[in-house]
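An overview of the molecular structure
The residues making up each chain are set out below.
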Amino acid sequence: MNDHLMDIVRNPTRPVRIGSISIGAEFPIAVQSMTATRTQDIDATVRQIDDLVNAGADVVRVAIDSQKDAEALMEIRRQVKANLSVDLQENYRLAEVIAPHVDKIRYNPGHLYHHEREKPWQEKVGYLVRIAADNDCAIRIGVNCGSVDPDAKSRFDESDSISPMLESAWEHCRLLDDLGFYRYCVSLKDSDPRKVIEVNRRFAEERPDVALHLGVTEAGMPPDGIIKTRIAFEQLISRGIGDTIRVSLTVPNNRKHEEITAGRTILDDIASGRVRSVVDYGLKTLNIISCPSCSRVENEAFVELAEQVREMTRYAEQYRITIAVMGCRVNGPGETDDADLGLWCGPTHVNLKRGPESLGAWPYDQILTKLRSELDALIAKQQPVASAPGAPPVQ
Ligand code: SF4
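Quick caveat: nothing in here was measured; it's all calculated off a predicted structure.

With that out of the way, let us pick up the overall build of the protein chain. A count of helices and strands for the protein chain gives 13 helices and 15 strands. The C-alpha radius of gyration of the protein chain comes to 23 Å, within 12% of the 21 Å expected for a compact globule of 395 residues. Within the protein chain, buried positions represent 44% of all 395 residues. A separation of at least 24 residues holds for 65% of the contacts in the protein chain among residues at least 6 apart in sequence.

It is worth spelling out the sheet that holds strand β15 (residues 357-363) at this point. Pairing within the open sheet is mixed, and its 5 strands lie in the order β11-β12-β13-β14-β15. The open sheet has two edge strands, β11 (287-290) and β15, and neither has a second partner. Strand-to-strand, the axes of this sheet are offset by a mean angle of 15°, without reference to chain direction. Pairing geometry for strand β12 (residues 322-326) and strand β13 (residues 341-345), over 4 bridges, is parallel. Bridge assignment links Met 326 to a residue of β13, and that residue is Trp 344. Docked against the sheet, helix α11 (residues 301-312) engages β11, β12, β13 and β14 (349-354), running at close to 165° with respect to β12. Contacts between helix α13 (residues 367-380) and the sheet are confined to β13, β14 and β15, with β14 contributing the most and set at about 5° to the helix.

The next thing to look at is the sheet that holds strand β6 (residues 104-107). Here 8 strands make up a closed barrel; going around it, the order is β3-β4-β5-β6-β7-β8-β9-β10 and the pairing parallel. Ignoring strand direction, the axes of neighbouring strands in this sheet form an average angle of 25°. Sheet analysis places strand β3 (residues 30-34) next to strand β10 (residues 244-247), joined by 3 bridges and oriented parallel. Pairing of Gln 32 across the sheet is with Arg 246, part of β10.

Moving on, we get to the site of the ligand. Among the 13 residues in the neighbourhood of the ligand, the closest are listed as Cys 291, Cys 294, Gly 327, Cys 328 and Asn 331. Among the residues making up the shell around the ligand, the classes are represented as 7 nonpolar, 4 polar and 2 charged.

Relative to the helices and strands, Arg 155 is located in the loop between α6 (150-154) and α7 (162-178). Overall, Arg 155 belongs to the exposed group, with 12 C-beta atoms counted inside 10 Å. The spacing of Arg 155 and Pro 333 is 178 residues in sequence and 40 Å in space, taken between C-alpha atoms. In this view, Arg 155 contacts Pro 164 and Glu 167; residues no more than four positions away in its chain are not counted.

Because an α-helix packs 3.6 residues into every turn, residues spaced three or four apart end up facing the same way. Here α7 spans 24 Å end to end across 17 residues, near enough to the 24 Å set by a 1.5 Å rise per residue. Among all positions in α7, only Pro 164, Met 165, Leu 166, Ser 168, Ala 169, His 172, Cys 173 and Leu 176 are buried. Its buried side turned inward, α7 meets α4 (109-114), α5 (121-134), β7 (138-144), α6, β8 (184-189) and α8 (193-206). Backbone geometry just downstream of α7 places Gly 180 in the positive-phi region, at approximately 75°.

Attention now moves to the confidence of the model for the protein chain. Confidence in the prediction of the protein chain, expressed as mean pLDDT, is 92, and 96% of residues score 70 or more. Residue range residues 388-395 is modelled with pLDDT below 50. Its contacts to residues more than four positions away, or to other chains, number 7 contacts.

Core analysis: the biggest nonpolar cluster contains 106 residues, and Ile 105 and Leu 128 have the highest contact counts within it. It is helix α9 (residues 224-237) that contributes the most residues to this core, 6 residues altogether. Beyond its immediate stretch of four places on either side in the chain, Ile 105 contacts Val 86, Leu 88, Ala 95, Ala 99, Leu 128, Ala 132, Cys 137 and Ile 139.

Viewed as axis vectors pointing N to C, α9 and helix α10 (residues 258-272) meet at an angle of 40°, and their least axial separation amounts to 10 Å. Overall, the two elements α9 and α10 adopt an arrangement that is oblique. Helix-helix and strand crossings are classified by hand; for α9 and α10 the assignment is right-handed. Only Ala 262, Ile 266 and Ile 270 of α10 make contact with α9, whose side of the interface consists of Ile 226, Arg 230, Phe 233, Glu 234 and Ile 237. Its residues assigned to classes, the contact of α9 with α10 shows 6 nonpolar, no polar and 2 charged.

Turning our attention to the pairing of β13. Within a regular beta strand, the side chains point alternately toward one face of the sheet and then the other, so they alternate between its two faces. Burial of β13 is extensive: 5 of the 5 residues sit out of reach of the surface. Both faces of β13 are covered, namely the face carrying Leu 341, Leu 343 and Cys 345 and the face carrying Gly 342 and Trp 344.

The next point concerns the environment of Val 53. Mapped onto the elements of the fold, Val 53 is located in helix α1 (residues 42-54). Along the backbone, Val 53 and Ala 82 are 29 residues apart, and their C-alpha atoms lie at a distance of 6.6 Å. Residue contacts for Val 53: discarding those within four places in its chain leaves Val 60 and Ala 82.

What follows concerns α5. Across its 14 residues, α5 extends 20 Å between first and last C-alpha, which sits within 8% of the 20 Å expected from 1.5 Å per residue. Within α5, the full set of buried residues consists of Val 125, Leu 128, Val 129, Ile 131 and Ala 132. Taken down its axis, α5 places every buried residue within 165° of arc, on the same side. For α5, the exposed residues lying more than 90 degrees away from the buried face are Glu 123 and Asp 134. As for α5, its buried residues are in contact with α3 (95-98), β6, β7 and α7. Immediately downstream of α5, the backbone of Asp 136 shows phi near 60°, a positive value.

Each value, and the rule that gives it
Residues numbered from 1 in each chain as written. Predicted model: local features only at pLDDT ≥ 70, side-chain atom pairs only at ≥ 80, totals over all residues. Helix = DSSP H or I, 4+ residues; strand = E, 2+ residues; numbered from the N terminus. Rg over C-alpha atoms; globule rule 2.2 N^0.38 Å. Buried ≥ 20, exposed ≤ 12 C-beta atoms within 10 Å, placed from the backbone. Contact = placed C-beta atoms within 7 Å. Pairing = 2+ DSSP bridges. Axes fitted to C-alpha atoms, helices over the stretch in contact; angles between N-to-C directions. Near = placed C-beta within 6 Å. Nonpolar A, V, L, I, M, F, W, Y, C, P; charged D, E, K, R; others polar. Expected span 1.5 Å × (residues − 1). pLDDT = per-residue confidence, 0-100. Core = buried A, V, L, I, M, F, W, Y, C linked by C-beta atoms within 7 Å. Parallel < 35°, antiparallel > 145°, perpendicular 65-115°, else oblique. Left-handed = near helix turned anticlockwise from the far one by under 90°. Arc of directions from axis to C-beta.

Set out below in structure tokens:
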């Protein structure tokens, strides 16, 4: 549909090398996934890792929770070429066994709290940092809404689930920095995409230098799981936040590669302005967004209409106006609320909105004329960006 690329300025994060790839800085946003097989089922896990790599996975994470899991992962390492991340679940001391065989160690500050409680968490993190540094591994500080460090939780009101996550992530970052270890990224995951957006935005405001791994936990089955994740990624990546992503989907083991294809599709769509929530790309000029379309589209004319809207509105390029074109009545009515002008397509008519206000519905061959008059009315109330005081002249 749209083949122009949005100009997204990424946050100036530090580079983090994970095996043969790097994330952060100017590196492309990496796509990763996690195995869902039993780690001790070596054949099945190798098969799944190969499947993910063939689908384009940059990093694959494998969980271990026992010495036997760690031994299985050592054998898996011998059989696959993937960049491997190990997920240390409750048993963080397995790090010393597995670190020589993987490229990245993920620990959860909440889980770390519960293991060997008599030890200060700083000592446990110090141990992990030493192991990572000695074995050429990156680290991910993986904060999860369902398992936040109880100490961080106790410092905030029960109704505030975001601040404890941030506090936990920030204090771990400070410790890693103090220890002189910078090869790390952070994740802040929740099952609610709105919370994922807020927590990552607030984190990045304070620490724009730290690479972020984005994800929505327990997103569910496709297509809903993909849609939920897409909303969070659209809002964050369009504003330069996010260096690696994972789309978590509930799918059978032989379809796990769909996490990677979904992730790559979402990244391509965001880069091209094909979004299903109203995204502010931070543009000071006209912002035309259209949904990526899916099986819910009821009239194929939607695709052509989105192109026609882009062509017809070129004359308004110097105005800061957002126009959203959505393909269906399921998400169109709600998702266009934040646009200055919104269109959502039904089987025979296209609905037009000004902000949250509905203006009516017109046949496909009449909607452009109506849109044009609404756009003219908006323009009449604005100064073009290029002629605003201090702005460069239009070429
Ligand atoms: S057709 Fe509807 S559900 Fe599908 S991507 Fe577009 S707005 Fe979303």
